[in-house]
Amino acid sequence: MKILISADMEGATGVTWPADVLPGTPQWERCRAMFTSDVNAAVEGFFDGGADQVLVNEAHWTMRNLLLERLDDRVEMLTGRHKTLSMVEGVQHGDVDGIAFVGYHAGAGMEGVLAHTYLANQITGVWLNDVRASEGLLNAHVVAEYGVPVVLVTGDDVACEDALGYAPEALKVAVKDHVSRYAAVCRTPARTAGDIRAAAKEAARLAVRHTPVEGGPFTVAVEFDAEHLAMAATVVPGAERTGERKVAYTSATMYEGIRTFKAVTTIVSAAVEEQYG
Ligand SMILES: [Zn+2]
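As recorded in an unreviewed UniProt entry, the chain goes by the name Peptide ABC transporter substrate-binding protein, listed as coming from Streptomyces alanosinicus.

Shown next as structure tokens:
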């Protein structure tokens, strides 16, 4: 049994503030240890549950956050940027039986600690076929095309609630309870590690590949915080202006859908001016 862990940071133990997840800050240095603790707990739990292989794919920011030297020796870790499937890279090779979303968070415009979808500020909402979308929901549709079930989700309580919509069967572990975008009631790394390890052990039972789901077409709508960003996004082939601050595009598969989303976010990031946005 092979498990893939997609590891994002905003939903990690103890994390509640931009500097906590911003590479290079002293707070990030401290929080990356707690992030590593969450991921390692999931790794150990999956091995407890019978996995033979666990691959961790770094999915946050520069994708260089986890402390490899503190992980269980049986694991392998994919570090760094530029990957075809981004946050769920590694799922496409036909050998993954289940995926875990560790450290996930609520989507843009939702309540939740550090809630966002790809871009921290400029995207105020994403919809997939008219359903409000988080990164978890988008990625769940991608992995479904490869027949891989989402078996475990960790994050704040809002991220866990969000996961009920896209992975009802998956085990969920809330490592903190949302109070505001920048505040949460947190539990210690030792305690959350115990909870995550126990859940991952149980989640291993759900790691059974299914028939790939062909759920398309997928219409993705993206709303920005400024009009010019919607205009900038229309250089991406297929992205049409659907409102003053909105674009939408339709893809036959989520493989294409997530790649187009990445193209939109990359173009839009480059169109943001420091002072005026
Ligand atoms: Zn994220």
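Interaxial distance between helix α1 (residues 26–48) and helix α4 (residues 189–203) falls to 7 Å at its minimum, and their mutual angle equals 30 degrees. One way to sum up the angle between α1 and α4 is to call them roughly parallel. Between α1 and α4 lies a crossing of right-handed hand. Here α1 contributes Met 34, Ser 37, Asp 38, Ala 41, Ala 42, Glu 44, Gly 45, Phe 46 and Asp 48 to the contact with α4, which in turn contributes Pro 189, Thr 192, Ala 193, Ile 196, Arg 197, Ala 200, Lys 201 and Ala 203. Taken together, the residues of the contact of α1 with α4 break down into nine nonpolar, three polar and five charged.

Moving on: the coordination of the zinc ion. Taken together, Asp 8 (OD), His 105 (NE2) and Glu 135 (OE) make up the protein donors of the zinc ion, found 1.9 to 2.1 Å from the metal. Mapping the donors of the zinc ion onto the primary sequence yields the spacing D-x96-H-x29-E. With Asp 8 in the loop between β1 (2–7) and α1 and Glu 135 in helix α2 (residues 135–144), the pair connects residues that are 127 residues apart, well separated along the chain. For the pair Asp 8 and Glu 135, one class covers both residues: buried.

Glancing now at the sheet that holds strand β12 (residues 246–251). Judged by pairing direction, the sheet is antiparallel, and its five strands sit side by side in the order β6-β5-β10-β12-β11 without closing on themselves. One side of each edge strand has no neighbouring strand; the edge strands of this open sheet are β6 (131–132) and β11 (240–243). Where β11 meets β12, three bridges bridge the pair, whose relative direction is antiparallel. Counterpart to Arg 241 in the pairing with β12 is Val 247. Against the sheet, helix α6 (residues 254–270) contacts β5 (123–128), β10 (218–224) and β12, and its axis sits at roughly 150 degrees relative to β12.

About the cut-offs
- Residues numbered from 1 in each chain as written.
- Predicted model: local features only at pLDDT ≥ 70, side-chain atom pairs only at ≥ 80, totals over all residues.
- Heavy atoms only, no water.
- Axes fitted to C-alpha atoms, helices over the stretch in contact; angles between N-to-C directions.
- Helix = DSSP H or I, 4+ residues; strand = E, 2+ residues; numbered from the N terminus.
- Parallel < 35°, antiparallel > 145°, perpendicular 65-115°, else oblique.
- Left-handed = near helix turned anticlockwise from the far one by under 90°.
- Contact = heavy atoms within 4.5 Å.
- Nonpolar A, V, L, I, M, F, W, Y, C, P; charged D, E, K, R; others polar.
- Donors = N, O, S within 2.8 Å, 3.2 Å for Na, K, Ca; no water.
- Buried < 20%, exposed > 50% of the residue type's maximum accessible area, 1.4 Å probe, protein only.
- Pairing = 2+ DSSP bridges.

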